[in-house]
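Per-entry structural report
Next come the chains, spelled out residue by residue.
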Amino acid sequence: MAEVDSRGGKPDKQYRAVYAPVMIRSQTNSSWTPTLSLMDSGNTLTFACISQKKHEEMGLSHRATNATGRAATAQSLSIVGISEPLELKFASMNKTFIINPLVVQYLNSPLN
């Protein structure tokens, strides 16, 4: 895991974030995509989230949802939908997890 400043540069307590290297792929694709996942930073969602940008880069599909949520800063999140199932693997583990992350427009990290 790495601690980085979510704005870039030297970590500042207010903007510190902890990221873990992970691999993700759709269940229909054999290729793993490496990315960083922001470990939960206190938002009120009970779902994993993927940025709309990362979701589109991977060519994934999603379905509509009425889910709503707020970021830790109390800003509302623009939820586009729920992603098709993804396989997620932490770099240091062999276990694979199946997730259906919310697709969020303008999410600061590729995966949360």
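Heads up: these notes are all about the structure in this document. (Residues numbered from 1 in each chain as written. Predicted model: local features only at pLDDT ≥ 70, side-chain atom pairs only at ≥ 80, totals over all residues. Heavy atoms only, no water.)

A word on the overall build of the chain
Applied cut-off: Going along the chain from the N terminus, every DSSP run of H or I of four or more residues is numbered as a helix, and every run of E of two or more is numbered as a strand. Summary of the burial criterion: residues with accessible area below 20% of their type's maximum are buried, those above 50% are exposed, and those between are partly exposed, where the area comes from a 1.4 Å probe applied to protein chains only. By definition, residues are in contact when any of their heavy atoms lie within 4.5 Å. Residue exposure ignores everything except the shown protein chains as possible cover, and the areas themselves are Shrake-Rupley values with a 1.4 Å probe.
Along the backbone of the chain there are 1 helix and 9 strands. Going from the N terminus to the C terminus, the chain shows its helices and strands as β-β-β-β-α-β-β-β-β-β. Here the chain holds 112 residues, and 36% of them are scored as buried. Intrachain contacts of the chain at a sequence separation of at least 6 include 47% that bridge at least 24 residues. Of the accessible surface of the chain, which amounts to about 7,000 Å², a share of 49% is contributed by carbon and sulfur atoms.

Focus: the sheet that holds strand β4 (residues 49–51)
Under the convention used in this document: By definition, two strands form a pair when at least two bridges between them are found by DSSP.
An order of β4-β9-β6-β5 is seen for the 4 strands of this open sheet, with the pairing classed as mixed. In this open sheet, the two strands that pair with only one neighbour each are β4 and β5 (62–63).

Some remarks on the nonpolar core
The line we're drawing: Buried Ala, Val, Leu, Ile, Met, Phe, Trp, Tyr and Cys residues form a nonpolar core when they are joined through side-chain atoms within 4.5 Å.
Membership of the largest hydrophobic core is limited to 10 residues, which are Val22, Ile24, Ile50, Met58, Leu60, Leu86, Leu88, Ile99, Val103 and Leu111. Elements represented by at least two residues in this core include exactly β2 (16–26) and β7 (86–90). Those residues in contact with Ile99 that sit more than four places away from it in its chain are Ala48, Glu84, Pro85, Leu86, Leu88 and Leu111. Of all hydrophobic cores here, the second largest spans 7 residues; its members include Cys49, Ile79, Ile82 and Val104.

Observations concerning the pairing of strand β6 (residues 78–83)
Sheet topology note: the β5/β6 ladder contains 2 bridges and is antiparallel. Bridged to Arg63 within β6 is Ile82. Here β6 runs beside strand β9 (residues 102–105); their pairing, made up of 4 bridges, is antiparallel. Bridge pairing in β9 places Ile82 opposite Leu102.

Thoughts on the side chain of Ser37
Here Ser37 is to be found in strand β3 (residues 33–38). Apart from residues lying up to four places away in sequence, Ser37 is in contact with Val18, Tyr19, Ala20, Val22, Leu111 and Asn112.

Looking at the packing of aromatic side chains
How we decide: Any Phe, Tyr or Trp ring, taking Trp's six-membered ring, that has another such ring centre within 6.5 Å forms a pair; planes under 30 degrees apart are called stacked, those over 60 apart edge-to-face, and the others tilted. Cation placement over rings: the criterion is NZ of Lys or CZ of Arg within 6 Å of the ring centroid and within 35° of the ring normal.
Throughout the structure, instances matching the rule amount to 1 aromatic pair. When the ring of Phe90 is compared with that of Phe97, the centres are 6.1 Å apart and the planes differ by 85 degrees; the resulting orientation is edge-to-face. When the ring centre of Phe97 is taken as origin, the NZ or CZ atom of Lys95, which lies over that ring, is 5.5 Å away.

Quick notes on unusual backbone geometry
Residues apart from glycine generally show negative phi values, whereas peptide bonds are mostly found in trans. Of note, Tyr106 is a non-glycine position whose phi angle comes to about 60 degrees, a positive value. Tyr106 sits in the exposed class, given a relative accessible area of 70%.

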